[in-house]
Amino acid sequence: MTVEPRNDAYVAFDHVQKSYDGVSLVVKDLNLSIAKGEFLTMLGPSGSGKTTCLMMLAGFETATSGEIRLDGRPINQVPPHKRGIGMVFQNYALFPHMTVGENLAFPLEVRGMSKSDREAKVKRALDMVQMFSFINRRPAQLSGGQQQRIALARALVFDPALVLMDEPLGALDKQLREHMQFEIKHLHENLGITVVYVTHDQGEALTMSDRVAVFNDGKIQQLAPPADLYERPENSFVAQFIGENNKLLGTIEELTGDKALVRLRTGELIDATAVNIKEKGQQTLVSIRPERVEFKPEMMPEGAHTIEAEVVEVIYMGDILRAVLRVAGSDDFVMKMRNTLGQTRLTAGQKIKVGWHPQDARALDP
Amino acid sequence: MAEATPTLLTTADGRPLKAALAEAQVRAKRRAFLLVLPLLAFVLLTFLVPIGYMLKRSFEHDGFANSAPALRAWFAENPGFDPADPPEAAYAALVDDLARMQVERTTGIAGTRVNYSVSGTISLFKAGARAAADLQPPFKEALLAADAKWGSPALWRGMESASHVYTPEFYLVAADRKLTDEGWARGEDKERIYLYLFFKTFLISGIITVLCLLLAFPVAHLLATLPMAKSALLMILVLLPFWTSLLVRTTSWIVLLQEQGVVNNMLVAMGLVDDKGRLSMMYNMTGTIVAMTHVLLPFMILPLYSVMKVIPPSYARAARSLGATSWTTFRRVYLPQTLPGIAAGSLLVFILAVGYYITPALVGGADGQLISNLIAFHMSKSNWSLAAAIAAMLLAAILALYWIYDRLVGIDRLKFG
């Protein structure tokens with residue numbers, strides 16, 4: 001999708017293309033504007049071009065064509081050290097031969113700041129991440145989470161308006177990662193900085209961002225706030241990349257406005273909302289979230305089409321029950337049920353009927 | 001509150017934990033030891049034993065002590081004799097020994113031993129030994145009549161010193177001391193070759209080390225950062241000298257740098273240098289420095305490369321993003337992280353250069369000889385003890401260097417690849 005960069009955008013990619021070998025494009029015609037104070041996440045599988053975009057913004061890669069603007073100023077020719085952009089790296093990149101304090105003082109020193117100002121700023125930045133007591137340690141003496149905090153403090157200590165983060169939490173364990181997500185989010189809110197965050201972890205993208213740009217194949221597939229991205233994916237890549245997703249292949253039987261009736265290959269008819277479907281008879285891939293699938297008749301909206309399903313297995317996951325069903329010839333259809341008191345316990349082999357609200361079934365390009 | 005006194009841990013069946021651990025590992029340890037035993041024996045036989053033998057030789061010489069038993073006994077009985085005027089008994093012992101040397105054909109070895117500290121004694125001894133059988137008492141007058149040199153106090157001091165099997169004399173000689181009529185003293189300036197050569201060797205080695213570092217740093221950086229296929233090719237070029245004979249490499253420098261060589265011919269052809277003013281870059285110190293820098297370059301590149309390879313590019317990127325110019329990034333972030341490689345490479349090249357023999361021998365001429373060439377010279381003259389003493393001094397200097405390095409940088413930070 002293409003969004004023309006707004007003139008008031010803080011960061012703007014304007015028809016940016018990038019090729020490493022002169023044969024293929026890694027980034028194909030990128031247009032993206034990021035507002036001041038926004039938390040924007042670039043999400044995508046590896047090789048989708050998201051990191052290349054970040055590196056072009058930081059100045060470590062040059063755009064093959066197109067223009068990148070920062071605060072209205074083209075920065076294609078500006079070397080990285082003059083861009084004033086803070087950056088947090090995946091492996092922290094803390095200088096191993098310097099103490100924590102020296103690491104933090106480094107950006108201030110190269111800016112020619114006086115010693116007393118430096119000390120005050122370093123203290124403030126370390127207090128911000130609750131790490132002041134570690135000022136004389138070396139990076140090797142810190143745990144991964146502590147190093148990450150120091151890296152964060154170092155990227156913020158010289159008060160950049162824009163901070164780039166390249167999969168900063170990738171090396172941490174799950175619990176610490178969730179804690180750090182929360183902390184980064186709070187720093188972003190408190191400092192009013194603009195953050196461009198790169199990750200391949202969709203959970204991270206959904207919980208932290210104001211907007212998420214889903215990258216695939218060198219293009220932005222969808223740029224939307226997290227809720228829209230999850231609930232209203234605009235194409236089958238986004239639907240499958242974000243969250244768990246059931247897909248049913250079929251052809252459009254009827255199309256009135258955005259209401260579509262889809263005939264599956266096995267003959268059943270289901271209701272769906274047309275998203276990027278243009279005409280009757282077109283092939284489509286219908287996407288339904290597992291938690292939006294219903295099997296109790298009283299829970300289904302009136303007039304909803306139901307289809308036959310057979311329970312293959314039920315997995316107990318604590319907060320939810322996850323049922324794998326055989327639907328329309330394939331046996332990887334997933335339904336999630338809340339583990340409430342009195343919830344019907346399905347057993348393998350049981351025959352049920354499943355259905356959903358037409359809004360939850362999105363007919364997408366195949 | 002936890003108990004403060006440490007309790008001895010025991011295993012479930014009551015044995016002390018340490019003993020149980022040692023017992024459990026004894027088999028594995030024995031096997032490991034047996035595996036390294038051949039290498040240990042090899043190192044012992046081919047490295048430690050020869051070095052020990054060399055060190056012993058630098059203190060020991062029995063050439064005179066064994067062939068002059070009478071004089072040796074007399075010196076032992078008269079420790080405080082006056083070298084300026086030894087008594088008749090001493091001369092009698094000397095003549096007795098000279099006669100024995102003539103019979104036993106040990107004149108040469110005895111003369112050589114004394115010759116270390118007093119020059120000209122080999123011919124003196126030979127003439128004396130030939131005449132000894134016919135000499136009549138009083139021997140003092142007879143000998144002095146044959147050659148006045150027999151009365152030289154320096155000679156008597158030298159013979160006294162040589163009558164001991166173990167002596168520090170060779171170290172004194174290697175430190176440019178000279179035995180005069182009054183005893184050991186600093187030699188005359190033109191004769192002081194050893195310490196000067198030591199100094200020159202260390203200076204040239206230092207120059208070579210710096211040159212190697214300057215040349216190797218960019219190459220190693222390139223090796224560490226180029227893509228795999230290109231860096232493998234470059235690595236082959238770096239290692240190529242290792243696959244070529246040292247002799248070939250050195251002689252190729254002769255072809256290039258000699259007065260009628262390729263470089264001079266080109267300079268003359270380009271009109272940069274007059275035909276009569278051809279540069280002499282071979283058979284002098286320049287030749288030694290150029291050829292040795294080339295030969296030792298890989299020993300600098302490889303440790304540097306092994307250190308640079310593991311420095312992630314994100315450090316430089318981080319520094320740049322934090323506002324550092326590329327020069328500041330190099331100086332403050334990249335260079336400090338390559339220090340272990342610089343230190344290892346420099347130490348390796350310097351130590352190799354200090355003991356280098358073949359290249360200076362081939363291209364050094366008169367001016368580019370190093371201390372190792374002098375050691376080789378003394379060995380070729382069978383002056384084993386003096387050669388050993390110079391070599392031991394070289395060894396001591398290198399160990400001192402190593403010790404300083406350990407204090408400054410730390411041996412554990414060495415990285416050779």
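Residues numbered from 1 in each chain as written. Chains lettered and ligands numbered in written order. Predicted model: local features only at pLDDT ≥ 70, side-chain atom pairs only at ≥ 80, totals over all residues. Heavy atoms only, no water.

**Q** I'd like a rundown of the overall build of chain A, residues and numbers included.
**A** Looking only at helices and strands, chain A has eight helices and 19 strands in total. Taking the principal axes of its C-alpha atoms as reference, chain A extends roughly 75 × 50 × 35 Å. Evaluated residue by residue, chain A yields a buried proportion of 51% over its 366 residues. Carbon and sulfur atoms provide 49% of the accessible area of chain A, an area that totals close to 16500 Å². Across chain A, the centroid of the 42 positively charged side chains sits 4 Å from that of the 47 negatively charged ones. (Helix = DSSP H or I, 4+ residues; strand = E, 2+ residues; numbered from the N terminus. Buried < 20%, exposed > 50% of the residue type's maximum accessible area, 1.4 Å probe, protein only. Areas by Shrake-Rupley, 256 points an atom, 1.4 Å probe, with all protein chains shown as cover. Lys, Arg positive; Asp, Glu negative; His and termini not counted. Charge placed at Lys NZ, Arg CZ, Asp CG, Glu CD.)

**Q** Describe the layout of surface pockets, and please don't skip the residues or the numbers.
**A** Residues and elements named next belong to chain B. Considering only enclosed or pocket space, the largest pocket measures out at about 530 Å³ in volume. Lining the largest pocket we find 24 residues, and of these Asn-115, Tyr-116, Ser-117, Ser-119 and Val-173 sit closest to its centre. Per-element accounting of the lining of the largest pocket gives the leading share, three residues, to strand E1 (residues 177–180). Split by domain, the residues of the lining of the largest pocket number at least three in each of domain 2 (63–189) and domain 3 (194–413). (1 Å grid on protein atoms, 1.4 Å probe; cavity = no way out; pocket = protein on both sides within 12 Å on 5 of 7 lines; lining within 4 Å. Points joined across faces, edges and corners; volume = space filled by probe spheres on them. Domains from an automatic or database assignment.)

**Q** Describe in detail unusual backbone geometry, supporting the description with residues and values.
**A** A negative phi angle characterises most non-glycine residues, just as the trans form characterises most peptide bonds. In this structure, Pro-138 of chain B follows Pro-137 of chain B across a cis peptide bond, with omega equal to -5°. When you line up the elements, Pro-138 of chain B lands in the loop between helix H6 (121–132) and helix H7 (139–146). Here Ala-93 of chain A, not a glycine, exhibits a phi torsion of approximately 55°, which is positive. Among the secondary structure elements, Ala-93 of chain A is positioned in the loop between strand E6 (85–88) and helix H2 (100–109). Backbone geometry places Asp-176 of chain B, a non-glycine residue, at a positive phi of 65°. Summarising the element assignment, Asp-176 of chain B is placed in the loop between helix H9 (169–174) and E1.

**Q** Go over the environment of Trp-74 of chain B with me, naming the residues and quoting the values.
**A** Its place among the elements puts Trp-74 of chain B in helix H3 (residues 69–77). A relative accessible area of 9% means that Trp-74 of chain B is categorised as buried.

**Q** Which residues make up the sheet that holds strand E3 (residues 39–43) of chain A, and what values do they have?
**A** All names here are of chain A. With mixed pairing, six strands are arranged side by side in an open sheet as E6-E7-E8-E3-E9-E10. What marks the edges here is a single partner per strand, and that holds for E6 and strand E10 (219–224). Adjacent strand axes in the sheet meet at a mean angle of 20° when their direction is disregarded. Across the sheet, helix H5 (residues 174–191) lies against E3, strand E7 (162–166) and strand E8 (194–199), angled at about 140° from E3, the strand it touches most. (Pairing = 2+ DSSP bridges. Axes fitted to C-alpha atoms, helices over the stretch in contact; angles between N-to-C directions. Contact = heavy atoms within 4.5 Å.)

**Q** Hey, could you go over the packing of aromatic side chains for me, with residue numbers and the actual values?
**A** All names here are of chain B. Taken as a whole and judged by the stated rule, the model has 20 aromatic pairs over all chains. Plain terms: the ring middles of Phe-75 and Trp-156 are 6.2 Å apart, the flat faces sit at 70° to each other, and that makes the pair edge-to-face. Of the two residues, Phe-75 sits in helix H3 while Trp-156 sits in helix H8 (residues 153–162), which places them 81 residues apart along the sequence. Summarising the burial analysis for this pair, Phe-75 and Trp-156 share the class buried. On the numbers, 6.4 Å between centres and 85° between planes, the contact of Phe-217 with Tyr-334 is edge-to-face. You can see Phe-217 sitting in helix H10 (residues 194–225) and its partner Tyr-334 sitting in helix H16 (residues 326–354), a full 117 residues away along the chain. (Phe/Tyr/Trp six-rings, centres within 6.5 Å; stacked < 30°, edge-to-face > 60°.)

**Q** If you had to explain helix H11 (residues 228–243) of chain B to someone new, which residues and values would you point to?
**A** All names here are of chain B. A rise of 1.5 Å per residue sets the reference length of H11, with its 16 residues, at 22 Å; its end C-alpha atoms lie 22 Å apart and thus fit the reference within 8%. At Leu-237, H11 shows its strongest bend, of approximately 30°, with the proline Pro-241 following within four residues. Buried within H11 we find Ser-231, Leu-234, Met-235, Val-238 and Pro-241. Of the surrounding secondary structure, the elements contacted by the buried residues of H11 are H10, helix H12 (246–257) and helix H14 (285–309). (Expected span 1.5 Å × (residues − 1). Bend = angle between axes of the 7 residues up to and from the residue.)

**Q** Now, about the packing of H3 of chain B against helix H4 (residues 88–104) of chain B: what can you tell me, with residues and values included?
**A** Residue and element names in this part refer to chain B. One way to put it is that H3 packs onto H4 with a least axis distance of 7 Å and a crossing angle of 155°. Taken together, the axes of H3 and H4 are roughly antiparallel relative to one another. Where H3 approaches H4, its residues Pro-69, Ala-70, Leu-71 and Trp-74 are matched on the opposing element by Ala-89, Ala-90, Ala-93, Leu-94, Asp-96, Asp-97 and Arg-100. For the contact of H3 with H4, the class distribution of residues is eight nonpolar, no polar and three charged. (Parallel < 35°, antiparallel > 145°, perpendicular 65-115°, else oblique. Nonpolar A, V, L, I, M, F, W, Y, C, P; charged D, E, K, R; others polar.)

**Q** Could you give an account of the domain arrangement of chain B, with specific residues and numbers?
**A** All names here are of chain B. The domain architecture assigned to chain B consists of domain 1 (20–52), domain 2 (63–189) and domain 3 (194–413). Of note, the centres of domain 2 and domain 3, computed from C-alpha atoms alone, are 46 Å apart. Listed per partner, the contact involves eight residues of domain 2 and 12 residues of domain 3. With both chains or domains summed, domain 2 and domain 3 bury close to 840 Å², and 70% of this area falls on carbon and sulfur atoms. Looking at the side of domain 2 facing domain 3, the largest losses of area belong to Tyr-116, Tyr-171 and Ala-174, adding up to 54% of the total buried there. At the junction of domain 2 and domain 3, the tally comes to zero salt bridges. Summed over the shared surface of domain 2 and domain 3, the number is three residue pairs in polar contact (both at pLDDT 80 or more). A total of four residues in the side of domain 2 that touches domain 3 trace back to one element, the largest contributor, which is H9. Taken together, the residues that form the side of domain 2 that touches domain 3 break down as six nonpolar, one polar and one charged. (Buried area = accessible area lost by both parts, 1.4 Å probe. Salt bridge = Lys/Arg side-chain N within 4 Å of Asp/Glu carboxyl O. Polar contact = N/O pair within 3.5 Å; in protein donor to acceptor, adjacent residues only side chain to side chain.)

**Q** Give me the lowdown on the pairing of strand E4 (residues 65–70) of chain A, citing residues and values where you can.
**A** Residues and elements named next belong to chain A. Bridging between strand E1 (residues 11–18) and E4 involves five bridges; their strand directions are antiparallel. Paired with Phe-13 across the two strands is Ile-68, which belongs to E4. Joining the antiparallel neighbours E4 and strand E5 (residues 73–74) is a turn of two residues, in which Asp-71 adopts a positive phi near 55°.

**Q** Before we move on, can you summarise the domain arrangement of chain A with the specific residues and values?
**A** Residue and element names in this part refer to chain A. Partitioning chain A into domains gives domain 1 (11–236) and domain 2 (244–364). With eight residues of domain 1 at the contact, the number on the domain 2 side is eight residues. Together domain 1 and domain 2 conceal approximately 710 Å² of surface at their shared face, both sides included; 47% is due to carbon and sulfur atoms. The largest per-residue losses of area from domain 1 upon contact with domain 2 belong to Tyr-230, Pro-233 and Ser-236, which jointly make up 60% of the total buried on that side. Linking domain 1 to domain 2 there are zero salt bridges. Counting every contact that joins domain 1 to domain 2 gives four residue pairs in polar contact (both at pLDDT 80 or more). For the side of domain 1 that touches domain 2, the element with the most residues is helix H7 (residues 226–231), which contributes three residues. When grouped by side-chain class, the residues that make up the side of domain 1 that touches domain 2 number three nonpolar, two polar and three charged.

**Q** Can you tell me about the interface of chain A and chain B, naming the residues and giving the values?
**A** The extent of an interface is frequently quoted as the accessible surface area lost upon association of the parts. On the side of chain B, 17 residues touch chain A, which itself brings 23 residues to the contact. Taken together, both faces of the contact between chain A and chain B bury some 1800 Å²; the carbon and sulfur share is 65%. The interface formed by chain A and chain B holds two salt bridges in total. Scanning the region where chain A abuts chain B turns up five residue pairs in polar contact (both at pLDDT 80 or more). At the level of elements, E6 and H2 of chain A are the ones that each hand at least two residues to the side of chain A that touches chain B. With three residues, H2 of chain A is the largest single contributor of residues to the side of chain A that touches chain B.

**Q** Tell me what's going on with the environment of Pro-74 of chain A, and back it up with residues and numbers.
**A** All names here are of chain A. Mapped onto the elements of the fold, Pro-74 is located in strand E5. Spatially, the C-alpha atoms of Pro-74 and Val-11 are 9.8 Å apart, while their sequence positions differ by 63 residues. The contacts of Pro-74, once residues within four sequence positions are left out, are Glu-67, Ile-68 and Arg-69.

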